[in-house]
Amino acid sequence: MARRWTPDLTRNDVTPENVYLSRRSLIGGIAAGAGLGLAGAPARAQNDAAALEPNSWEDITSYNNYYEFGTDKRDPARHAGQLTTAPWSVRIDGLVDRPGEYAFEDIMAGMDLEERIYRFRCVEAWSMVVPWTGFELADLLDMAGVQDGATHVAFETVLRPDEMPGVSRPVLEWPYVEGLRLDEAVHPLTIMATGIYGRDIPNQNGAPLRLVVPWKYGFKSIKSIVRITLTDSEPPTSWNKANPREYGFYSNVNPNVDHPRWSQATEREIGGGLFSPRKPTLMFNGYEDEVADLYAGMDLAENF
Ligand SMILES: Nc1nc2c(c(=O)[nH]1)N[C@H]1C(S)=C(S)[C@@H](COP(=O)(O)O)O[C@H]1N2
Ligand SMILES: [Mo]
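Computed from a predicted model, the values in this text were never measured in an experiment.

## Some words on the overall build of the protein chain
A count of helices and strands for the protein chain gives nine helices and twelve strands. Taking the intrachain contacts of the protein chain between residues at least 6 apart in sequence as the baseline, contacts between residues at least 24 apart amount to 73%.

In structure tokens, the structure reads:
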């Protein structure tokens, strides 16, 4: 398999320490932490490892946002089973050397799967920790060959009114669309997830493949992708089209920039229990060391 294509926009090419530590914490549990020398690690890394105890399979697969199946958190688990996910293909087009319809199996054959335990923070101020399985989006873009001049990546979710009861209502403009700047898209933290806890990703979580951008609000992580287009301008995004005052293009997790209708300073941990205190929300959802460079010199309140 071809190695990752690295544009000059991105310099951060190493596996972040907190991802590495958290992977160990899943394998060995908290007790293994001491054995791995975490006792001597800096306070921040210890906190990361402790905070990254993943949510249960039950939490992750029964409390969902997937509006094509309804707006109640339980609707996706009830209705997404109807979605036909095989055969599946992703059309990759726009500014690429090898545009075309890529079969899901052919994509998987060319990718290195790994586990990534990431914090997941919804713009609605709840959060989970999810053990995804997937591959770096950069590797998929490499398969298609990104051309000079591409600056952004646009994504589109499948639209099947017969299988998606939610799309009969104009909650959003369908199909659901999202976008990233190219340097965000090829950042090593940005993955396409195809599994959770090492099992195939359930339909309600975006089978057979969905985007995961852990430093951005959850709605950027578009599900059940059928099209990826390389462009030379910022693509339209569903939530921004629906309410540009409340949802920006960037949507980086930021405790200092409130949603117009609620604070983003804290979050409710799903599965934390009725009386568990709200957690402070971390800058870039805890991935500041890895991604702050992408936004150097940018006003993050203006570019929200
Ligand atoms: N196509 C599509 N993708 C989507 C959504 C959606 O409604 N439709 N919801 C987004 C939102 S708001 C969140 S928080 C996450 C939820 O992912 P999860 O259900 O796997 O936790 O998916 C995102 N991706
Ligand atoms: Mo969300």
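## Quick look at the UniProt feature "binding site: Mo-molybdopterin" (unreviewed entry) in the protein chain
Sites flagged by UniProt as "binding site: Mo-molybdopterin" (unreviewed entry) map to Asn64, Tyr67, Glu68, Cys122, Thr157, Asn205, Arg210, Ser221, Ile222 and Lys223. You can see Glu68 is positioned in the loop between helix H3 (57–62) and helix H4 (75–79). Since its relative accessible area comes to 2%, Glu68 is described here as buried. Residues within four places of Glu68 in sequence aside, it is in contact with Thr157, Met164, Pro165, Gly166, Val167, Trp174 and Tyr176. With respect to the helices and strands, Lys223 occurs in the loop between strand S9 (210–212) and strand S10 (225–231). Judged by its relative accessible area of 9%, Lys223 is buried.

## Observations regarding the site of ligand 1
Inspection of the region around ligand 1 gives 17 residues, with Asn64, Tyr67, Glu68, Thr157 and Lys223 positioned closest. A distance of 2.9 Å separates a nitrogen atom of ligand 1 from a polar atom in the side chain of Thr157. Note that an oxygen atom of ligand 1 is positioned 3.0 Å from one of the side-chain N or O atoms of Asn205. By residue class, the composition of the shell around ligand 1 is eight nonpolar, six polar and three charged.

## Thoughts on the packing of aromatic side chains
What characterises a pair of aromatic rings is the spacing of the ring centres plus the angle enclosed by the ring planes. Under the criterion given, the structure shown has twelve aromatic pairs. Between Tyr67 and Trp239 the ring centres are 5.7 Å apart and the planes differ by 70°, which places this aromatic pair in the edge-to-face class. Of this pair, Tyr67 sits in the loop between H3 and H4 while Trp239 sits in helix H8 (residues 238–242), placing them 172 residues apart in sequence. Neither Tyr67 nor Trp239 differs from the other in exposure class; each is buried. Look at Tyr118 and Tyr287: their rings are 5.8 Å apart centre to centre, the planes differ by 75°, and that puts the pair in the edge-to-face class. Placement of Tyr118 in strand S3 (residues 114–121) and of Tyr287 in the loop between strand S12 (279–280) and helix H9 (288–291) is noted, with a sequence separation of 169 residues between them.

## Examining the pairing of strand S1 (residues 89–94)
Looking at chain direction, S1 and strand S2 (residues 100–103) are connected through four bridges and run antiparallel. When the bridges of S2 are listed, Arg91 appears paired with Glu101. Linking S1 to S2, which pair antiparallel, is a turn of five residues. The pairing of S1 with S10 spans four bridges and is classified as parallel. Within the sheet, the bridge partner assigned to Gly94 lies in S10 and is Leu230.

Conventions used here
- Residues numbered from 1 in each chain as written.
- Chains lettered and ligands numbered in written order.
- Predicted model: local features only at pLDDT ≥ 70, side-chain atom pairs only at ≥ 80, totals over all residues.
- Heavy atoms only, no water.
- Helix = DSSP H or I, 4+ residues; strand = E, 2+ residues; numbered from the N terminus.
- Contact = heavy atoms within 4.5 Å.
- UniProt positions renumbered as here; feature names shortened; annotations may be inferred.
- Buried < 20%, exposed > 50% of the residue type's maximum accessible area, 1.4 Å probe, protein only.
- Near = heavy atom within 4 Å.
- Polar contact = N/O pair within 3.5 Å; in protein donor to acceptor, adjacent residues only side chain to side chain.
- Nonpolar A, V, L, I, M, F, W, Y, C, P; charged D, E, K, R; others polar.
- Phe/Tyr/Trp six-rings, centres within 6.5 Å; stacked < 30°, edge-to-face > 60°.
- Pairing = 2+ DSSP bridges.

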